[in-house]
Structures are given as structure tokens and as C-alpha cells.
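So the chains spell out like this:
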Amino acid sequence: MASTSKTEYFEEDEALEEELERFDDFTLASSWERFISDIEATCRQWLADGPKNLLEKGAVQLGFSKNIYKVKSDLKNVAKNYCMEYYFEIDNSGKTADWNCSLHDLQLCFGVKDFLVIAPQSASGVILDAPEASKLLSAVAIALSNCSSLWPAFVPVHDPSRNAYIGIQSMGTVFTRRFEADHIGSQVPVKLMHLEGLYELFLSKFAYSTLDFAVHLFKVHVMMKLTYHTLPYDDDNVDDIQETFSGNTESGQDGDTRQKKQWDDDCPWSEWYSAEDPVKGFDLIATRPEKMVESSLEMAELENASPHEAKKWTLIPHLSPILTESSKGNQTGFASQLLLLVDALNMSFEAQFMEDFVSVENPSSDNLKSSMVIPPPTVLDRVLKDLFHEGNKLPDFSKSENKSSRAIKGAPLGSLFAQFCLHALWFGNCSIRAIAVLWLEFVREVRWCWEECQSLPKMPFDGSIDLSTCLINQKLHMLAICIEMKQELNEEFQDCIGSEDHIEAHSEEDSVVVEDPFNLHPPDEHFDGKRDRLTAQNLHGSEAIASEFSKKPEYMASAADQRPSGSIRRGSAGAVGSMMLLKSCQSLHAPFTQDPPLMTEDMHEERLQAVEAFGDTFNFSAQLEKDILSSDMSAFKAANPDAVFEDFIRWHSPGDWINDENEGSSPSRSLAMGSFKDNWPPKGRLSQRMAENGNMWRKIWNDAPALPAYEQKPLLDPNREGEKILHYLETVRPHQLLEQMVCTAFRASADTLNRTSFGGLKQMTAKLEQLYLTMKSALRPLQVNHLSGNNEIIEDLRRLCIVFEHVEKLMTVAASLHRKFLQAPRLSGVIFNDFYEFYLPNMGMGSKEVDVQREFNSRQEVRFHEREVVSDMFTPPTANQSWRKVLSMGNLLNGHEPILREIIFLVRDSVSSNHYAASTPRGNQEEIETYRMYICGTSNDLRVALSITSCD
């Protein structure tokens, strides 16, 4: 029992000793030791989490890199607060590339990957006291050593402007790396402006100072990166920039390019505004591969080498910051003006007529009177002159029209109303009052054209009315046709007198008379040989008939005037195949007929409403078309004097003639007279609707006189229709006008952008198509002309303006890049693709403001055959560019010295063949970077970062 108790006593004693060994007594620890413990605990937590868990816990991505993240922790030592940040890469495999564009500044300076930065939470963010900095760095080093971590740690020191650091890293063996970086912000010594002096600066860090570097050989590895910047694209240098691209322009434009004053003078929107060049310039990075040098002389030769000998060229575009700003800023373009037009639409419901917005006696709201300045008369005269007196040549409306543009009910680009709407966008800041002034003057000019029979500019005066356009464009088209008809009517009498004598003089020679084999009568002595004065272009169905006759020459003889006794055939367009008249057995001739009267959309709607109200669709339709039908019947009677109603139906409406047996071809002239009479007339009958009693068509036939088309009253009365159109234009409601203006302005603005040459970039093409579809949907409520101040629709239109703004910005970038890389289209494509991906978060956000924190950072490798195009962008500096300094560095590119020169010097040593091998395992032949110096600078500043590996 005694032995058992003794054993239990010793076990309890040993347990107590083990518990005491694990107990940390912090009551006696200093504040600095507790600070080290806090650092260690934070680092252990970060090590345990790893990159994946840190991302889930809210690690912040750095704006310039997609691969580097950081986390931070606040620490406190006595009364002073510190912030420790851990920078890590999510792809932590492999060695850090020396010239990787996504590297952090400290990674580039010291060649490290993951690292720590600890800094005081103060206004300066640096440690000014050198002993404190060393003590802080030692604390971090102890904590990392306790964690068995190999992270390098850095502390910012000195003045913030110097961007100076000290750092330390444990290599896991006997080796330790120490880091130090500093910056010279004043004039750099001349010796350090050249590669030779920088090379000797690096040698001084590990060679004895008494040595003469010129007579000793050191194997130093050198890597160099040179950055060049194009001349700024501003007004002072625009002539030089244009000269640069003169060799890259398309054929036929080289002579004009140098005379241009703006970059977008050849862009379609330049007629309305000048856009700021979104591409402010380019940086060219020429990278040389690693090279081993052994003397200062080799460095001097390297300084005189051309950048064209570099292994790699990288192009970095610099874009204007306005690309990420809203249209509420200083940017001027279609989008900003369309937004003002939408505001004018919203205010258009406050008055009955457009004159009310101009009248000084109008008791309207204060909104109409505030800041709505009307431009001076000189501006108004210039706009009207451009609309009515310049460029009257009719444009080709289908030349640049997008296939989706017709879905938007506006006026086609280049037409009179489209040009008016585009001018209105820039007239008086597009206020409702300025629009009213411009519209009233516009209508006065249109009336003057009507009253003076002057052709309406920028409008076709023939063809059919395009009902897919807005109503005002339809009415202007019809007015142009009415003016043309008035001109013809005014000249008709003189033309008839001058042409009739000439026609009668040749009528007998030109006429082809074919004798009737069944009724041979001499020609009528009273036949005056008068022919139809109406041409095939303005008569119904004549083109098809003429083409049919040209294909069948055997029927040309039957087209002649076959005259029964006492009858004259007038207004004939020729015989219709083998058809014969039922009663007289003469050839059936097709007459020249008048075109149906033109109608605008509102006229069609009136007719449809009348049909619905009348009830009997067929009879009322016939009544509505009575004038047209009567004209056709009169012309048919004149061309076929012996015709009956059934003949007209067989020609005009074959579906209403039922053949009991197939009607063969024309009877052969060799047939016996008796045989033909036995088979004539052909067996057939009218359809039920045409045969019923009281049929409207038969009544019209009975009342229709036999008159050729040229003797009939025109179906369209140009005077009546023209006055009705002008009345509409003068009394149109403001909101109805603004609705059509908004639709037309959006369509014309989009069509203008669509004419831009941008190299067929797929993303831009797709975005334009998407814009047209979006406009079609958003503008649909305006196209029915029933808008009543709906705030929701107005907000939709404002959101549409923002969508338009995004597309407009993309277009300016695409056009600028395409213009600069005509001979290297691949570069413009890849740069635009990068910008599109960068700008994508801004699009589709509606009216919300988008704050883009990251910067556009596109870097594209220049292929060998593209180097000449890029090199031509760096025009030699001119004498008037006083900002240029005396050249201080070498490696010139077309007279440009690099704006930034970065050099990395390296010395590698084998740990088995030098003083580092004392504590290294035998047989280890690994090479390590014992000295590394990163130098970055120009003639005005210099930054040096040194890394030394030692076995302390």
C-alpha cells in the first residue's frame, strides 16, 4: 500500500510540473513582448487560413492587379497604433516575373512574392525615428521566426515623399535578406544619368571601394525596361499628330489629313459636335532580356543601342478619364442633348400651341421663363440656310441606314425633318422655347416653298409615302410631291402646245395600223393621232405591261389601233396577250391609268374608322374607292371603245370572272370564218358578287365616261392636299411634335454613329444592334401619339439616354483606335476588347451612378511587323515644344528619350564555392541572388532598391 501511494504522489508531481511548463506568465512580460505576441498571433492566423479562406473573410483585391490581395490588422503598443498588412497572391506558384505589369511596387523593387508591411497609423504613415524603425522590424522578424514563416517584412521610413523602406527576410537556413530602398527627388548627378555610372553604383555595394572598376571584371546580370510616351494629343501638337497618321490613312485622303484641326474631322458626328479624343496617348515599353556584362564599356554600348533591338515591345494606351464620368459633367455629345430634348418633351404638355412657348404674354410656369435663352437671329438664319438653301441634293436614305433603324418611327437620316431635329438638339441648348422658335421659322420656310412652287429640299418628290416613318416626314414627302405636281400643272399648257404639233407631224409615220381580218374598214379620217401624254412612270401598271410586250414581239402588231366603225382607241398601253373583247371580237388593250392617290398614315386611319362605322365593308370600300375605280373604267373604255362591263372585270379583277371552259389562245387567222364564229364568244360568267343586282361596280361602269388618263381630273388635288398639310404643321400640338422629334432624333443620332468607320469590331457592332432594339422598345409609347405626360415613360427615356451615352463613348474609343491603327488592325481590336471588358460594369446600370475605382490598364504586346506603325506614333519633338529638356539619357526612339528607365542588376553566387558555403550542406550547388539592385528613374529623379543576402 505504501508503494502504491508513493507512486501516485510522483505521478501527481510530474503532472503539476508539466502544467507549469505550459503556463506563460505575462505579468512579468514587457509591453514590447506583448506586442510581439500580438504580431505572432495575427501571423499564425493568416498562415492557418491560407489564401482561400482569407478571400472568403474579405481580403481586398488591389486595383491594378487581378492576382494580388491584402488583409490588414490593427495593433497597439503602449500608446502607439500600428497597421500590419499582408499582401499575397492567389496563384502562388513559380517565380515572380521581374517585369510583370501586375506586380506591387515592393515586389518589383525587391523581387519578393508574399510580404508584410507594418506602419504607424499616423498622418505621414512612416516612421521618422531610425531606432524605432529598426526595433519595429526586429519585432516582426521575431514573430515571423516564431511562426516559422519566410515572409519578408517591410517598414516605411524617412519622409513619405522618398517612398523609402527597410526590410528583412529569413531564408529558412543560415541566410537572411536585408532590404533598403530610397529615392532622390531632386536633380540626379550626371554620373547616375547614364548606365555606366549606375553599373558602378551597383559594384560599389559589394566590391572594395579602393578597387578600380575599370580594370576589374565582375559578372553582373542586367535586365532593362525602357518606357516611352507619345507626344500629348492637344491643340498645340495636333498638326504633328496628324502628320504622324498621314501615312496610315486610307487611300485618297492623305492630302487632306494634314489640314485637319481636330482628330474627329472625318467622323460623321463632326457635323454636330467635336468630341474629345478618348485616347490621350500611348506608352511604349521596350524590354531587353537578361544579359551578362563584365565592364563599364559594355554598359556604355548598351546605352547607345536602339529600342528596335529590344526583345519585346508592349503598348499601353492612356484613355481620357471622361469615359467613366456621367453625361452630367462637361461631356457634349448626342446623349447629353437627347436628355435635354426629353426634358423639353416633358414640358411640352404645358401649352396648346408652339406659339405659346414664344409669346411674352403666355402665363406659363416659371420653368418656361428660367434660363431658356433663344439664340440670336444670326444663328437662326444659319440653321435655316443649312436646312433649305445648302446641300439640296437628295441624300441616299438607304446608304447608311441600319436594318433595325426602320423599326423606329422617325424620319430617315438626311431627310428634312431629321436634319431639323438634329439642329434642334444644339439650338439654344435644346430648350422648349428655343425649339418653338425654330419650328415656327421652319414652318414659314416650308410655306414659302409651297407658295413659290420651290422644291422642298432634302425630300423626294416622287414614289410612295413610307408609312414606317413619322407622320411629319410623311406629310413633308406628300407636300414635296404636291409642289412637283403644281409645277407640272403650271407648265402643262406650254408643254402641250409645244409637243402636240411635233407629235401630229409624225403620227401617221409612227403608227402601225393592222387591218381587222373580220371587219375591214378604211382608217377613220378623223383620227388625229393623239397619243397618251402620261409616261410609264406616273401611270398605274404600265411598267409591267411594257415589259410583257417586250418579251412577246409577236403581239406587237395587235397593239396597234384596231378601230371599229366610229370608234377611236385612246390611251392604250398595248394589247393584253391574246384576250379579245367579248362583243366586238377586237384585241383587249390595257389602258394607261392614274396612280392611286397618295395617303399618309392619318388618312388611312380615317378611312379605316369610316369602314368600321359604315358596317358593309365591301359596298363601302367600293364607295371609298369610287374615284379610283371610275378613273380606271374611263381609261379602259377609252382604250377599248367596244368593251362591255364583263371585259373590264376580266382585265381588272380576273377572280370575278368564272370560265366554264379554258379560254385558249387567240384564234388563228387561218381558221375559217365559220369555225371561229361557232366558238365565239367564250363560255364564262361573272362571279356572284359582280352579277347581283345593284352592284356598285356596274353602276360606276355605266356612269364612267370614256376618257383616257391624260384627260381625266387628277385623283390627287395638289392644292387641297398641300394646304391641309401646312395647316397640320402650323397647328400641331407641342407634345405631338416633340414625340416625333424625340423618335427622329434618337434614330438619326444612332444612324449617324452607325456610319462611323471603326474597323468592324464585333463588340461595337453587337452593341449598336442592341441599342436599336432598346430604342425600339423605349420609344414605342411615343410612336402611337397618345402620350399624356406619363412620368414613368419620361424616366424610361432618360434611362435610354444613359444607354445611348455608353454606346457613344464606346464608339469614340473604337473610332479613335481604328484611325490610329489603320495599318495594324489587330492592335486596335485587342485594345478595344480590353476597354470593353473594363467598361462593361458601367453599362446597363440605368440612372445609377457607377464609381469605378480601378484604372484602365491594358498592355498589348506589339508584334514585329507592327513595330513600324507604333514607331511612327513617336514623332520627333519640334522646336516649339519648350517643355522638352536637353537630352540626358540614351536609348532614343525617334528623338525621344525614355520617360522612365528601369534596370535590375543581379549577382548570383553558388553557395558551395564562396564564403557562404561555411554552414551549407556539402554538395549543394544552388545559386542564390546575393546582390540585387532595382533602379528606376529619369534625369530628374532616381529610385534605388537594394537587396543583400548574407549569412548573419
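Residues numbered from 1 in each chain as written. Predicted model: local features only at pLDDT ≥ 70, side-chain atom pairs only at ≥ 80, totals over all residues. Heavy atoms only, no water.

> Quick one: what's the story with the packing of helix α5 (residues 195-203) against helix α8 (residues 296-303), residue by residue and with numbers?
Packing of α5 against α8 brings their axes to within 8 Å, and their N-to-C directions diverge by 140°. With respect to their mutual orientation, α5 and α8 come out oblique. For the pair α5 and α8, the crossing hand works out as right-handed. Contacts between α5 and α8 involve L195, E196, Y199 and E200 on the former and, on the latter, S296, M299, A300, L302 and E303. Partitioned by chemical class, the residues of the contact of α5 with α8 number five nonpolar, one polar and three charged. (Axes fitted to C-alpha atoms, helices over the stretch in contact; angles between N-to-C directions. Helix = DSSP H or I, 4+ residues; strand = E, 2+ residues; numbered from the N terminus. Parallel < 35°, antiparallel > 145°, perpendicular 65-115°, else oblique. Left-handed = near helix turned anticlockwise from the far one by under 90°. Contact = heavy atoms within 4.5 Å. Nonpolar A, V, L, I, M, F, W, Y, C, P; charged D, E, K, R; others polar.)

> Tell me about α5, residues and numbers included.
When you tally the buried positions in α5, you get seven out of nine residues, the bulk of the element. For α5, the set of buried residues is L195, G197, L198, Y199, E200, F202 and L203. (Buried < 20%, exposed > 50% of the residue type's maximum accessible area, 1.4 Å probe, protein only.)

> Tell me what's going on with the packing of aromatic side chains, and back it up with residues and numbers.
Inspection of the entire model under this criterion finds 39 aromatic pairs. Pairing F636 with W651 gives two aromatic rings, centres 5.3 Å apart and planes at 20°, and the pair type is stacked. You can see F636 sitting in helix α18 (residues 626-639) and its partner W651 sitting in helix α19 (residues 645-652), a full 15 residues away along the chain. Take F636: its relative accessible area is 0%, and that puts it in the buried class. Seen from their ring centres, F835 and F838 are 6.3 Å apart, and the 40° between their planes marks the pair as tilted. A residue pair is termed a helical-turn pair when its members lie 3 or 4 positions apart in one helix, as F835 and F838 do in helix α27 (residues 825-839) at three residues. Considered together, F835 and F838 belong to a single accessibility category, that of buried residues. Members of the aromatic cluster, connected to one another through ring pairs, are Y199, F202, F206, F218, F905 and Y931. (Phe/Tyr/Trp six-rings, centres within 6.5 Å; stacked < 30°, edge-to-face > 60°.)

> Please provide a residue-by-residue account of the side chain of T230, values included.
Mapped onto the elements, T230 comes out in the loop between β8 (220-229) and α6 (238-245). On the accessibility criterion, T230 (1% relative accessible area) is buried. One polar contact links the side chain of T230 to the main-chain amide nitrogen of F282, over a distance of 3.0 Å. Filtering out sequence-adjacent residues up to four positions away, T230 remains in contact with G281, F282, M873 and F874. (Polar contact = N/O pair within 3.5 Å; in protein donor to acceptor, adjacent residues only side chain to side chain.)

> Mind laying out the nonpolar core, listing which residues take part and the relevant values?
General note: in soluble globular proteins, nonpolar side chains tend to be found buried as a group. F417, W439 and F905 are the most contacted members of the largest nonpolar core, which has 155 residues in total. Residues contacting W439, with those up to four places away along its chain left out, are M354, F417, F420, I472, L729, V732 and L737. Listed in part, the 33 residues of the second largest apolar core include C43, Y82, I127 and I168. (Core = buried A, V, L, I, M, F, W, Y, C linked by side-chain atoms within 4.5 Å.)

> Please set out the pairing of strand β4 (residues 115-120) residue by residue, giving values where relevant.
The buried count for β4 comes to six of six residues, which makes it a mostly enclosed element. Alternating residues of β4 divide into F115, V117 and A119 and L116, I118 and P120, and every residue in both groups is buried. In terms of strand pairing, strand β3 (residues 80-89) meets β4 through six bridges, oriented antiparallel. Each residue of the ladder has a partner; that of C83, found in β4, is A119. Relative to strand β5 (residues 153-157), β4 runs parallel, the two being bridged by two bridges. (Pairing = 2+ DSSP bridges.)

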